[in-house]
Amino acid sequence: MIIAYPDYYNDFCCIASRCRHSCCIGWEIDIDPCTAALYRAQKGELGERMAKNIDWSGDEPHFILGEGERCPFLNENNLCDIILSLGEEAISEICTDHPRFRNYLSEREEIGLGLCCEEAGRIIIGREKPLEIIEEGEGEYTADEDFLMDLRDDIFDIMNEHSQPFSSRVLAVQDKIEGRIEKDNIAYWSHFMMDLERLDEKWTQCLINLVKRPYPLDEIEKYMDEHGVWFANLFNYFIFRHLFSALDDGDIDSKILFALLSCRIIAALCMADESADLETVVEYARMYSSEIEYSDENLGLMFERINKQSL
Ligand code: SF4
């Protein structure tokens, strides 16, 4: 089995109480069976809190979110009371793993950091070195996996050419596929995303702002060229995370065009904010990722619409 991860993977460390958008707020967190057994066995005050603040009714227990959709064990200092009482090993798998994601091939597991975490976003977007994928172990690939692996390496090689304008690198990547994003109009995609499930009112406001100020594509491209390293990093992230899902549906073009469209949307959001610092890009990328990438339904609808547009 091969384990593969981006070279920045081990740089990540949760910033806990310093995090402005803690993942312990707003997400329903499931508790795996082993951890649930540990929680059930708790006695005293902690045991009572666990009985009261966990929904034990379904197949997979989960924390009952409190005021402001906070995890009931996230204290006023934004620290986890379970870690403070029982240690890090006592938190559920999903809490330990976040913001990591995993993709599986026949004999390969890929692990990455997800953009919905602001600290991961700083590491992913702010890096200046070309992306490298670290591989450990041995394994074989199917012909389809081999083809996609070569294609992805080619895309990374193109995107890693930081001396070239980002727009030229995008053209070189687009030469590898036939599909195109026919609807270049950012307002079209803002309307489309407004019809998707939304989590945060701020996201709705961002989309309204984009409809009011639909930047033409050449202005968006200029912005991305000015910040080519950040957008190449973003492009590589979306390719690393999503290209292999083409193994499930055979649709390679929509995964590559999704990377491009995502960069354009994040750039337009930053432009509407009239800001060009790394923290702004990280914040809009975090919001976009939480709303689109972390909803299987929304992600599927984006791929489907891109595919229809590129026919
Ligand atoms: S979002 Fe990231 S940095 Fe923030 S609390 Fe969660 S894992 Fe830590």
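Once that is clear, we can look at the pairing of strand 4 (residues 100-105). The two faces of strand 4 differ: F101, N103 and L105 on one face are buried, but R100, R102 and Y104 on the other face are not. Here 6 bridges tie strand 4 to strand 5 (residues 108-113), and the two strands are oriented antiparallel to one another. Across the sheet, residue L105 finds its bridge partner in strand 5, namely R108. Between strand 4 and strand 5, which pair antiparallel in sequence order, lie 2 residues.

This brings us to the sheet that holds strand 4. In space, the 4 strands of this open sheet follow the order 4-5-1-6, with mixed pairing throughout. What marks the edges here is a single partner per strand, and that holds for strand 4 and strand 6 (133-137). Taking the axes of each pair of neighbouring strands and ignoring which way they run, one obtains an average angle of 20° across the sheet. Of the strands in this sheet, strand 4, strand 5 and strand 6 touch helix 6 (residues 143-159), which is tilted by about 35° from strand 5.

With that settled, the discussion passes to the nonpolar core. Grouped together as the largest cluster of nonpolar side chains are 79 residues, with contacts concentrated most on F231, L234, F235, I256, I266, Y288 and M302. Ranked by the residues each element gives to this core, the list is headed by helix 13 (residues 252-272), at 15 residues. With near-sequence residues (within four places) excluded, F231 lies in contact with F166, Y223, M224, C263, I266, A267 and V281. Counting residues in each nonpolar core, the second largest holds 14 residues, with I31, A36, M50 and F63 among its members.

Here we take up the site of the ligand. F12, C14, I15, C19, H21, S22, C23, H98, C117 and E119 make up every residue found near the ligand. Of the residues contributing to the shell around the ligand, the split by class is 6 nonpolar, 3 polar and 1 charged.

A word on the packing of aromatic side chains. For the structure on display, the rule yields 17 aromatic pairs. The rings of F101, W203, Y237, F238, F240, F258, Y288 and F303 are connected pair by pair, giving a single aromatic cluster. One residue, R241, lies across the ring of F101, its end atom 4.1 Å from the ring centre. Directly above the aromatic system of F303 lies the positively charged group of K255, at a separation of 4.7 Å from the ring centroid.

What follows concerns helix 13. Three or four residues apart is the spacing at which side chains of an α-helix point the same way, because the helix has 3.6 residues per turn. Given a rise of 1.5 Å per residue, 21 residues ought to cover 30 Å, and the 31 Å separating the end C-alpha atoms of helix 13 matches this to within 8%. Within helix 13, 19 of the 21 residues are buried, leaving the element largely enclosed by the surrounding structure. With a side-chain oxygen lying 3.5 Å from the backbone nitrogen of D253, the N-terminal cap of helix 13 falls on D251. Following helix 13 by one or two positions, E274 has its phi on the positive side, about 55°.

The next point concerns the environment of M194. In this structure, M194 sits in helix 8 (residues 186-194). C-alpha of M194 to C-alpha of I208: the two residues are 14 residues apart in sequence and 8.4 Å apart in space. Ignoring anything within four residues of it in the chain, the contact list for M194 reads L207, I208 and V211.

Moving on to the domain arrangement of the chain. The assigned domain composition of the chain is domain 1 (24-97) and domain 2 (141-309). Computed over C-alpha atoms, the centres of domain 1 and domain 2 are 35 Å apart.

Turning to the side chain of T35, a few remarks are in order. Summarising the element assignment, T35 is placed in helix 1 (residues 33-40). Beyond its immediate sequence surroundings of up to four residues, T35 is in contact with A90, I91, S92 and E93.

Looking now at the pattern of salt bridges. Taken as a whole and judged by the stated rule, the model has 18 salt bridges. Linking R20 and E279 is a salt bridge whose minimum nitrogen-to-oxygen distance equals 3.0 Å. One end of the pair, R20, is in the loop between strand 1 (2-6) and helix 1; the other, E279, is in helix 14 (residues 278-293), and 259 residues separate them in sequence. One continuous salt-bridge network, built from bridges that share partners, spans R20, E118, E119, R122 and E279.

Calculation criteria
- Residues numbered from 1 in each chain as written.
- Predicted model: local features only at pLDDT ≥ 70, side-chain atom pairs only at ≥ 80, totals over all residues.
- Heavy atoms only, no water.
- Buried < 20%, exposed > 50% of the residue type's maximum accessible area, 1.4 Å probe, protein only.
- Helix = DSSP H or I, 4+ residues; strand = E, 2+ residues; numbered from the N terminus.
- Pairing = 2+ DSSP bridges.
- Axes fitted to C-alpha atoms, helices over the stretch in contact; angles between N-to-C directions.
- Contact = heavy atoms within 4.5 Å.
- Core = buried A, V, L, I, M, F, W, Y, C linked by side-chain atoms within 4.5 Å.
- Near = heavy atom within 4 Å.
- Nonpolar A, V, L, I, M, F, W, Y, C, P; charged D, E, K, R; others polar.
- Phe/Tyr/Trp six-rings, centres within 6.5 Å; stacked < 30°, edge-to-face > 60°.
- Lys NZ or Arg CZ within 6 Å of the ring centre and 35° of its normal.
- Expected span 1.5 Å × (residues − 1).
- Polar contact = N/O pair within 3.5 Å; in protein donor to acceptor, adjacent residues only side chain to side chain.
- Domains from an automatic or database assignment.
- Salt bridge = Lys/Arg side-chain N within 4 Å of Asp/Glu carboxyl O.

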